[in-house]
Amino acid sequence: MPEQQSSAASPFRTWTGREAFEFVDGVRLHAIGGEQVLLCRVQYAPGKQVPWHKHDDTEQVMFILDGDVEMTIEEDTTTLGPGDVVVVNRGLNHKLYSEAGVTFMEALAPVPLDHVPDKTLDLVLGPDGGSQHVEH
């Protein structure tokens, strides 16, 4: 792996040794984003959830790495496990709950700034300067 650069303009980052951001109680994430997409590693502690919400401007794609999560999108509920994937299109109400804990990767586009704990460390901006990012 290339050595991490210290410059904020460098495209290289690491999550190694970096504390995850607590997004909601018991749900922590690491994030890295560019002009158009944000990639997050999300970890739920056992018994934790993210309640009903929606992303009006952002599409979300998730890939389950470890554990299980019950996910409801609108009226459709399923349990996802390692290797499962899901797409949550813009504007759809959804919620998640994990009895035993879960780790997944998610990509969100355009970048929702409420998922970005530190804009200096977690965003690599190009000539657009993040002009397509959304506040919520």
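All values reported here derive from a predicted model rather than from experimental measurement.

(A) Spotlight on the pattern of salt bridges. If you walk through the whole model with that rule in mind, you get five salt bridges. Residues Glu-22 and Arg-28 are paired through a salt bridge, measuring 3.9 Å at the closest nitrogen-oxygen approach. What makes Glu-22 partly exposed here is its relative accessible area of 41%. Overlapping salt bridges bring together Glu-19, Glu-22 and Arg-28 as one network.

(B) Focus on the side chain of His-30. By secondary structure assignment, the location of His-30 is in strand β2 (residues 27-33). In this structure the side chain of His-30 is engaged in a polar contact, spanning 2.8 Å, whose partner is the backbone oxygen of Arg-18. Among residues more than four places away in sequence, those in contact with His-30 are Trp-15, Arg-18, Glu-19, Ala-20, Leu-39, Cys-40 and Arg-41.

(C) Expanded view of unusual backbone geometry. Cis rather than trans, the peptide bond between Ala-109 and Pro-110 has omega equal to -5°. One can find Pro-110 in the loop between β10 (102-109) and α1 (119-122). For Glu-74, which is not glycine, the phi torsion reads 55° and is therefore positive. With respect to the helices, strands and loops of the structure, Glu-74 is situated in the loop between β6 (69-73) and β7 (76-80).

(D) Here's a closer look at the pairing of β6. For β6, a buried count of four out of five residues is recorded, marking the element as mostly surrounded by other parts of the structure. Here four bridges tie β6 to strand β9 (residues 94-98), and the two strands are oriented antiparallel to one another. Bridging across to β9, Met-71 finds its partner in Leu-96.

Here is what the cut-offs are and how they apply
Residues numbered from 1 in each chain as written. Predicted model: local features only at pLDDT ≥ 70, side-chain atom pairs only at ≥ 80, totals over all residues. Heavy atoms only, no water. Salt bridge = Lys/Arg side-chain N within 4 Å of Asp/Glu carboxyl O. Buried < 20%, exposed > 50% of the residue type's maximum accessible area, 1.4 Å probe, protein only. Helix = DSSP H or I, 4+ residues; strand = E, 2+ residues; numbered from the N terminus. Polar contact = N/O pair within 3.5 Å; in protein donor to acceptor, adjacent residues only side chain to side chain. Contact = heavy atoms within 4.5 Å. Pairing = 2+ DSSP bridges.

Shape is all these values report; function is a separate question.
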